[in-house]
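Structural overview
Residue-level listing of the chains:
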Amino acid sequence: MRQLHHLLDWYHGLQQRERQLVLAASIVITATLFYLIIWEPIHNSVAEQSQKYQSQSEILQWMQNAANEVRLLKSSGSTNRRKVDSTQAVTLVVEKSANLAGIKPFLSKLESTSDKGARVTIDAASFDQLLLWLNTLQSQYGISVTSANLDRDDKPGTVNARMTLKRD
């Protein structure tokens, strides 16, 4: 309180022009501080959140379109499934199809979980090639992925995968 009193005494001790100059400088400094401390951070935050919302909306739209396409492909693909001997072990079907798809060299582990399932470990395989192989397993042999763990490999475009497969 005492400091404010000294400040007011100092201000009133100034000449009229000096008081006007101090008042104008105070207004400019206050406006600048308001802009830098309050307005600009809020404005930037709103713009950033708006951009994130737009991006998330686009991703949602893409996912909804992809889900519709998956449903359509799944319904049309189930009628095109080859007649496969369902008594044939899943591991045998997986191994044969991996060989045909060119995945076999990357297949490091294949073990049976039951007569209708298998665990597969694949190292440094092409991601695109892996997806095509999994699609073939699903559409032609009725074997689908029940769980998967994919990790990016050091080489671009390749992945390491651990998956559990099961016959429908």
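So, here is what we can say about the structure in this document. Because the structure is a prediction, the values reported are computed rather than measured. (Residues numbered from 1 in each chain as written. Predicted model: local features only at pLDDT ≥ 70, side-chain atom pairs only at ≥ 80, totals over all residues. Heavy atoms only, no water.)

1. Considerations on the overall build of the protein
- Within the protein one finds four helices and four strands.
- Secondary structure of the protein in N-to-C order comes out as α-α-α-β-β-α-β-β.
- Taken over the C-alpha trace, the protein has a radius of gyration of 34 Å; the compact-globule value for 168 residues is 15 Å, which it surpasses by more than 25%.
- Taking the principal axes of the C-alpha coordinates as reference, the protein spans close to 105 × 35 × 30 Å. (Helix = DSSP H or I, 4+ residues; strand = E, 2+ residues; numbered from the N terminus. Rg over C-alpha atoms; globule rule 2.2 N^0.38 Å.)

2. Concerning the sheet that holds strand 1 (residues 107-114)
- With respect to topology, four strands assemble into an open sheet ordered 1-2-4-3, the strand pairing being antiparallel. Looking at the sheet topology across the chains shown, the edges are occupied by strand 1 and strand 3 (143-152). Taking the axes of each pair of neighbouring strands and ignoring which way they run, one obtains an average angle of 15 degrees across the sheet.
- As defined by bridge partners, strand 2 (residues 117-126) adjoins strand 4 (residues 158-167) across eight bridges and the pair is classed as antiparallel. Bridging across to strand 4, Ser-126 finds its partner in Thr-158.
- Relative to strand 1, helix 3 (residues 90-101) is tilted by about 155 degrees, and along the sheet it contacts strand 1, strand 2, strand 3 and strand 4.
- Sitting on the sheet, helix 4 (residues 127-141) is in contact with strand 2, strand 3 and strand 4, with an inclination near 10 degrees to strand 4. (Pairing = 2+ DSSP bridges. Axes fitted to C-alpha atoms, helices over the stretch in contact; angles between N-to-C directions. Contact = heavy atoms within 4.5 Å.)

3. Regarding the pattern of salt bridges
- Under the defined criterion, the tally for this structure stands at four salt bridges.
- Residues Lys-104 and Glu-95 are paired through a salt bridge, measuring 2.5 Å at the closest nitrogen-oxygen approach.
- In this structure Lys-104 comes out as partly exposed when scored by relative accessible area, which is 31%.
- In this structure, Asp-151 engages Arg-162 in a salt bridge whose closest nitrogen and oxygen atoms are separated by 3.4 Å. In this pair, Asp-151 sits in strand 3 while Arg-162 sits in strand 4, placing the two residues 11 residues apart along the sequence. (Salt bridge = Lys/Arg side-chain N within 4 Å of Asp/Glu carboxyl O. Buried < 20%, exposed > 50% of the residue type's maximum accessible area, 1.4 Å probe, protein only.)

4. Examining the pairing of strand 4
- Here strand 4 lies mainly inside the structure; seven of its 10 residues are buried.
- Where strand 3 lies against strand 4, nine bridges are found, and the strand directions are antiparallel. If you follow Asn-149 over to strand 4, its bridge partner there is Arg-162.
- In this structure, the hairpin formed by strand 3 and strand 4 is closed by a connection of five residues, where Gly-157 is found at a positive phi of approximately 85 degrees.

5. What about unusual backbone geometry?
- In the Ramachandran plot, Ala-124 falls in the positive-phi region, its phi being about 55 degrees despite a non-glycine side chain.
- Note on placement: Ala-124 falls in strand 2.
- Overall, Ala-124 belongs to the partly exposed group, its relative accessible area being 32%.

6. Let's talk about helix 4
- Helix length check: helix 4, at 15 residues, gives a terminal C-alpha distance of 20 Å against a target of 21 Å (1.5 Å per residue), a fit within 8%.
- The inward-facing, buried residues of helix 4 contact helix 3, strand 2, strand 3 and strand 4.
- Where helix 4 ends, the next residue or the one after it, Gly-142, has phi of about 70 degrees, a positive value. (Expected span 1.5 Å × (residues − 1).)

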